[in-house]
Amino acid sequence: MAPTDGVVRVAAVADIHFGPRSESLQPLLAHAAQHADVLLLCGDITNRGLPEEAEALAKELRTVKVPVLAVLGNHDFESNQHKEVTEILNQAGVKMLDGDSVEINGVGFAGVKGFGGGFGKRALASFGEPSIKAFVHETLDEMLKLEAALARLKTEAKVVLLHYSPIQATVEGEPADIFPFLGSSHLEEPLNRYEVTAAFHGHAHLGHAEGKTRDGIPVYNVAEHVLRAAQPNAIPLKIIDIPATQLSGTAN
Ligand SMILES: [Fe+2]
Ligand SMILES: [Fe+2]
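Summary of the structure given here.

Criteria and cut-off values
Residues numbered from 1 in each chain as written. Chains lettered and ligands numbered in written order. Predicted model: local features only at pLDDT ≥ 70, side-chain atom pairs only at ≥ 80, totals over all residues. Buried ≥ 20, exposed ≤ 12 C-beta atoms within 10 Å, placed from the backbone. Helix = DSSP H or I, 4+ residues; strand = E, 2+ residues; numbered from the N terminus. Arc of directions from axis to C-beta. Contact = placed C-beta atoms within 7 Å. Pairing = 2+ DSSP bridges. Right-handed = clockwise from strand over helix to strand, strands pointing away. Expected span 1.5 Å × (residues − 1).

## Considering helix α1 (residues 26-35)
All of the buried residues in α1 are L28, L29 and A32. In a view along the axis of α1, the buried residues occupy a sector of 95°, so they form one face of it. Turned more than 90 degrees away from the buried face of α1 sit Q26, P27 and Q34, all of them exposed. Summarising the contacts, the buried residues of α1 are in contact with β1 (7-13), β2 (38-42) and α2 (51-61).

Quick look at the structure:
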């Protein structure tokens, strides 16, 4: 479908946990092609990160009529074959983002998986045992990759794909004990600094659908479970319009 004037319609879903025995994605893909200009898959795109799961997903996606951008989630790492999973999906035409950015019709997209650590003043600090420091550094690495990806974008409108949440508001509904494993405030910093237009994430299956960063940037939890809980009979896709305003003096 041709892009609507000045607007890029973004459809997003996360946590499809796809595998060979999963229900067909064709209704969802047809809906995305009809109502959106780009489809975002925000991690946990396979159930256990197995190449055969990625192959099954790739087969579904080969006929998709809109560009598909994706980030990996923790499930996609489970079998330590995430490189194979990424390659299979890249071969199927999916643009896999891991600190990468891409522009589509005047809107910039940047994606990373993200990681945990918790939110606000109680977030895990890089102190003590090496394993704690390694945990925090993993989050900081993801933050830096996101920063670098955003810095490369020349568009005014910027959309971020994550698997882990950048704010606490969209993990509310999950048990508070596991908040630190659902996201990190470090991921919020680049969203505010680069005045991102919108951010999408998943991972918090029982979380809240929408929230805002400290600076008011909208954050959408598009975990399939969250979308289905909100509208049980609808196709599980969050679709929003992003105004495609180009910064002056830059090319598309
Ligand atoms: Fe998930
Ligand atoms: Fe997850």
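## Section: the sheet that holds β1
Read across the sheet, five strands follow the order β4-β3-β2-β1-β11 without closing on themselves; strand pairing throughout is mixed. The open sheet has two edge strands, β4 (95-96) and β11 (238-243), and neither has a second partner. As defined by bridge partners, β1 adjoins β2 across four bridges and the pair is classed as parallel. Residue pairing across strands places V10 opposite V38, the latter belonging to β2.

## What to know about the pairing of β1
Counting buried residues in β1 gives five out of seven residues, a clear majority hidden from the surface. In this view, the connection linking β1 to its parallel neighbour β2 by way of α1 has right-handed handedness.

## Some details on the environment of V160
By the element assignment, V160 lies in strand β7 (residues 157-161). C-beta crowding within 10 Å serves as the criterion here: with 31 such atoms nearby, V160 is assigned to the buried category. Here V160 is in contact with A110, G111, L146, L191, V196 and A199, once residues within four sequence places are set aside.

## Concerning unusual backbone geometry
A negative phi holds for most residues other than glycine; trans holds for most peptide bonds. Residues other than glycine seldom take positive phi values, yet D15 does so here, at roughly 60°. Take D15: it is sitting in the loop between β1 and α1. Judged by the 27 C-beta atoms lying within 10 Å of it, D15 is buried. For H17, which is not a glycine, the phi torsion comes out positive at approximately 45°. Along the chain, the position of H17 falls in the loop between β1 and α1.

## Some remarks on helix α4 (residues 130-152)
Here α4 contains 23 residues, and its C-alpha end-to-end distance of 32 Å stays within 8% of the 33 Å for a straight helix at 1.5 Å per residue. Those residues of α4 that sit buried are T139, E142, M143, K145, L146 and A149. Against β5 (100-104), β6 (107-111), β7 and α5 (188-193) lie the buried residues of α4.

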